[in-house]
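Inside the fold
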Amino acid sequence: MRFVQEPNLNLMLLLVQLVGTDHCSFNSTQKALGIDDFRKIPNGVNGIEERMHLVWDTMVESGQISAIDYVRVTSTECAKLFNIYPRKGAILAGSDADIIIFNPNSSFEISASSHHSRSDTNVYEGIRGKGKVEVTISGGRVVWENDDLKVVPGSGKYVEMPPYNYLFDGIDKAETTYLSSLRAPVKRSRATS
Ligand SMILES: *[C@@H]1O[C@H](CO)[C@@H](O)[C@H](O)[C@H]1NC(C)=O
Ligand SMILES: *[C@@H]1O[C@H](CO)[C@@H](O)[C@H](O)[C@H]1NC(C)=O
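Here the structure is a predicted model, which means the values were calculated and not measured.

About the cut-offs
Residues numbered from 1 in each chain as written. Chains lettered and ligands numbered in written order. Predicted model: local features only at pLDDT ≥ 70, side-chain atom pairs only at ≥ 80, totals over all residues. Heavy atoms only, no water. Helix = DSSP H or I, 4+ residues; strand = E, 2+ residues; numbered from the N terminus. Contact = heavy atoms within 4.5 Å. Areas by Shrake-Rupley, 256 points an atom, 1.4 Å probe, with all protein chains shown as cover. Core = buried A, V, L, I, M, F, W, Y, C linked by side-chain atoms within 4.5 Å. Buried < 20%, exposed > 50% of the residue type's maximum accessible area, 1.4 Å probe, protein only. Near = heavy atom within 4 Å. Polar contact = N/O pair within 3.5 Å; in protein donor to acceptor, adjacent residues only side chain to side chain. Nonpolar A, V, L, I, M, F, W, Y, C, P; charged D, E, K, R; others polar.

A count of helical and extended segments in the protein gives four helices and six strands. Listing every helix and strand of the protein by position from the N terminus yields β-β-α-α-α-β-β-β-β-α. Across the protein, contacts joining residues at least 24 apart in sequence account for 53% of those joining residues at least 6 apart. Split by element, the accessible area of the protein, about 14300 Å² in all, is 55% carbon and sulfur.

Ranked by size, the top nonpolar core spans 13 residues in total, and within it Val19, Val55, Met59, Tyr70 and Val73 carry the most contacts. Broken down by secondary-structure element, the contributors of at least two residues to this core are helix H2 (51–60) and helix H3 (67–81). Here this core gets five residues from one element, more than from any other, and that element is H2. Filtering out sequence-adjacent residues up to four positions away, valine 73 remains in contact with Val16, Gln17, Leu18, Val19, Val55, Ile65 and Cys78.

Next up on the list: the site of ligand 1. Asn27, Ser28, Thr29, Gln30 and Asp120 make up every residue found near ligand 1. At 2.3 Å, a side-chain N or O of asparagine 27 approaches an oxygen atom of ligand 1. Within the contact set of ligand 1, a nitrogen atom lies 2.7 Å away from a side-chain nitrogen or oxygen of threonine 29. Relative to its free-state accessible area of 360 Å², ligand 1 is covered by the protein chains to the extent of 39%. Here the shell around ligand 1 is composed, by residue class, of no nonpolar, four polar and one charged.

In short, shape yes, function no, at least from these values alone.
Structure follows, in structure tokens:
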């Protein structure tokens, strides 16, 4: 997110640049490792399956951003920052044809009993909202339609992400290499049991 001072209105605008997930799901047995010591709770929650619905409902349906902003924050800007635009993040000849068809008049409900993760818990359990992804096309193939998942194991492809996305334009790349070689000044140690 980026804060921008709006001089004429004397207020701060909050611009959402992009939305992603740090999807890292653990089930109740794994989370229970921390039941007597919170430092042992494996860190992370689910989000990869829920992201598109939650962002639509909380941001577009609520009137905070437009449908076009939704495409930008969930797709175009992510592809640009990871430096894989326009292979990803665009519907163009030569792009990967990863496309969703989203019905804003439909609705969703999140539950561990219906999600596609192997986990027995879902941090968004019970949340309902408007809008639903009805069709997902991955690499030109329909992989989700009529609530039916049609993915083929092993069909995923590694996508290389070159360094120096557009945010580096104008920055001396030698200096960037130097900066990224620096180590954090904090001495880290592992928590032991
Ligand atoms: C959680 O995952 C672990 C590792 O795969 C498994 O041993 C355990 O039975 C799972 N627990 C539940 C409640 O599914
Ligand atoms: C959603 O519903 C509204 C009101 O009934 C209708 O005008 C609109 O065309 C519908 N949109 C879609 C994508 O079905």
